[in-house]
Amino acid sequence: MITKAWLKAAGIRAIKTVAQTAVGAITVGATLTEINWLAVGSTALVAGICSLLTSLAGLPEVPVEPPEEG
């Protein structure tokens, strides 16, 4: 079930994944004009989407709430 806690935790994970992927996609020693920013951005975006989809399987920092009886 998607809750506010899940959205927050998954969002934080996705933002970290996007940042880490962007850093990894930037070539070491390249100048700002040599970097293919479209490739960096699109690669990072896809990584963020994959992170959110992976989070659907569960996040260890978000407890699973049992279904309410009633």
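Residues numbered from 1 in each chain as written. Predicted model: local features only at pLDDT ≥ 70, side-chain atom pairs only at ≥ 80, totals over all residues. Heavy atoms only, no water.

Novice: Any chance you could break down the overall build of the protein chain for me, citing the residues and the numbers?
Specialist: When you go through the protein chain residue by residue, the secondary structure sums to 2 helices and 0 strands. Its C-alpha atoms give the protein chain a radius of gyration of 17 Å, clearly above 11 Å, the size a compact globule of 70 residues would have. In terms of overall dimensions, the protein chain has C-alpha extents of about 60 × 15 × 15 Å along its principal axes. Burial analysis of the protein chain (70 residues in total) assigns 20% to the buried set. Pairs at least 24 apart in sequence give 78% of the contacts found in the protein chain among residues at least 6 apart. Surface exposure of the protein chain reaches about 5,600 Å², of which carbon and sulfur atoms provide 68%. Counting 4 positive and 5 negative side-chain charges, the protein chain places the averaged centre of each group 8 Å from the other. (Helix = DSSP H or I, 4+ residues; strand = E, 2+ residues; numbered from the N terminus. Rg over C-alpha atoms; globule rule 2.2 N^0.38 Å. Buried < 20%, exposed > 50% of the residue type's maximum accessible area, 1.4 Å probe, protein only. Contact = heavy atoms within 4.5 Å. Areas by Shrake-Rupley, 256 points an atom, 1.4 Å probe, with all protein chains shown as cover. Lys, Arg positive; Asp, Glu negative; His and termini not counted. Charge placed at Lys NZ, Arg CZ, Asp CG, Glu CD.)

Novice: Tell me about the pattern of salt bridges, and name the residues and values.
Specialist: One pass over the full model with this rule turns up 1 salt bridge. Put simply, Glu61 and Arg13 hold a salt bridge, and the shortest N to O gap is 3.0 Å. Placement of the pair is Glu61 in the segment after α2 (37-55) and Arg13 in helix α1 (residues 4-25), with a sequence separation of 48 residues. (Salt bridge = Lys/Arg side-chain N within 4 Å of Asp/Glu carboxyl O.)

Novice: Please provide a residue-by-residue account of the side chain of Ser55, values included.
Specialist: Among the structural elements, Ser55 can be located in helix α2. Other than its neighbours up to four places away in sequence, Ser55 contacts Trp6, Ala10 and Arg13.

Novice: Describe α1, and please don't skip the residues or the numbers.
Specialist: Taking 1.5 Å per residue as the helical rise, α1 with its 22 residues ought to reach 32 Å, and the 31 Å between its terminal C-alpha atoms agrees with that figure. When α1 is considered as a whole, its buried residues turn out to be Trp6, Ala9, Ala10, Ala14 and Ala22. Elements that come into contact with the buried residues of α1 comprise α2. (Expected span 1.5 Å × (residues − 1).)

Remember, this is a structural readout, not a statement about activity or role.
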